[in-house]
Amino acid sequence: MTDEELLQASADLRVALGRLVRRLRQGYVAGELTLPERSVLSRLDREGPATPGCLADLERVKPQAMGVTLAGLVERGLVERRKDDSDGRKVLMSVTEAGVKLLTDRRSETTRQMAAALAEKFTAAEQRELIAAIPLIERLADEL
């Protein structure tokens with residue numbers, strides 16, 4: 001692709017993702033995980049225990065903001081703190097059984113709506129394309 005094509009594709013992707021994020025935020029229901037909480041919980045489930053500082057870096061937020069997010073997850077019993085066996089000065093955050101259960105069993109209304117839209121409005125080939133793009137979108141987010 002040319003530089004101009006990449007610039008246009010990046011602009012189009014930014015607009016599309018912005019619209020998607022706004023729609024997801026509009027669907028938030030009190031009592032459900034916030035987007036930052038879901039992101040951290042999912043990351044801990046996928047990648048394993050991490051320090052709060054590492055999580056703040058990965059999520060691109062200030063340590064104080066990560067502290068608030070983690071405190072909420074700990075308070076709800078979804079994440080736990082424990083000492084790092086290799087370095088007792090460090091604290092590792094890890095997802096609890098309750099956190100894993102919430103991720104696997106409980107789907108938000110927004111997630112159900114998204115799944116319904118995918119099932120009803122997208123072909124099987126389009127569904128596969130979107131699913132295949134997820135790791136690329138996550139990698140792009142990590143690189144920005």
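Structure shown above.
In this report, we go over the structure that sits alongside the text. All chains use their own residue numbering, which begins from 1 and follows the written sequence. Residue-level local features of this predicted model are given only where pLDDT is at least 70; pairs of side-chain atoms are given and counted only at 80 or more, and the full residue set underlies all totals for whole chains, interfaces and linings. Side-chain measures were taken over the full set of non-hydrogen atoms in the model, leaving aside hydrogen atoms and water.

## Side note on the nonpolar core
- The set of buried Ala, Val, Leu, Ile, Met, Phe, Trp, Tyr and Cys residues whose side-chain atoms join them within 4.5 Å is what this entry labels a nonpolar core. The cut-offs for exposure are 20% and 50% of the maximum accessible area for each residue type, with area from a 1.4 Å probe on protein chains only; residues under the lower value are buried, those over the upper are exposed, and the others partly exposed. Core analysis: the largest hydrophobic core is formed by 16 residues, its most contacted members being Val-40, Leu-41, Leu-44, Leu-55, Leu-70 and Val-79.
- Residue contacts for Val-79: discarding those within four places in its chain leaves Leu-41, Leu-44, Leu-70, Leu-73, Val-74, Met-93, Ser-94, Val-95 and Thr-96. Contacts are assigned to residue pairs that have any heavy atoms within 4.5 Å of one another.

## Structural notes on the pairing of strand β2 (residues 91–95)
- Secondary structure elements follow DSSP: runs of H or I of four or more residues count as helices, runs of E of two or more count as strands, with numbering from the N terminus. Most of β2 sits out of view: 4 of its 5 residues are buried.
- When DSSP finds at least two bridges between two strands, those strands are taken to pair. Where strand β1 (residues 79–83) lies against β2, 5 bridges are found, and the strand directions are antiparallel. By the bridge assignment, Glu-80 is partnered in β2 with Ser-94.

## Quick notes on the packing of helix α3 (residues 52–59) against helix α4 (residues 63–75)
- Following both chains from N to C, one finds α3 and α4 inclined at 110°, their axes separated by 9 Å at the closest point. Considering their axes alone, α3 and α4 lie roughly perpendicular with respect to each other. Contact with α3, carried on its side by Pro-52, Leu-55, Ala-56 and Glu-59, involves Pro-63, Met-66 and Leu-70 of α4 and no other residues of that element.
- Charged residues are taken to be Asp, Glu, Lys and Arg, nonpolar residues to be Ala, Val, Leu, Ile, Met, Phe, Trp, Tyr, Cys and Pro, and polar residues to be all remaining types, Gly included. Across the contact of α3 with α4, the residue classes break down as 6 nonpolar, no polar and 1 charged. Here an angle of 0 to 180 degrees is reported between the N-to-C directions of two axes, which are lines fitted to C-alpha atoms, with helices fitted over the stretch in contact. For classification purposes, angles smaller than 35 degrees are called roughly parallel, those larger than 145 roughly antiparallel, those between 65 and 115 roughly perpendicular, and all remaining angles oblique.

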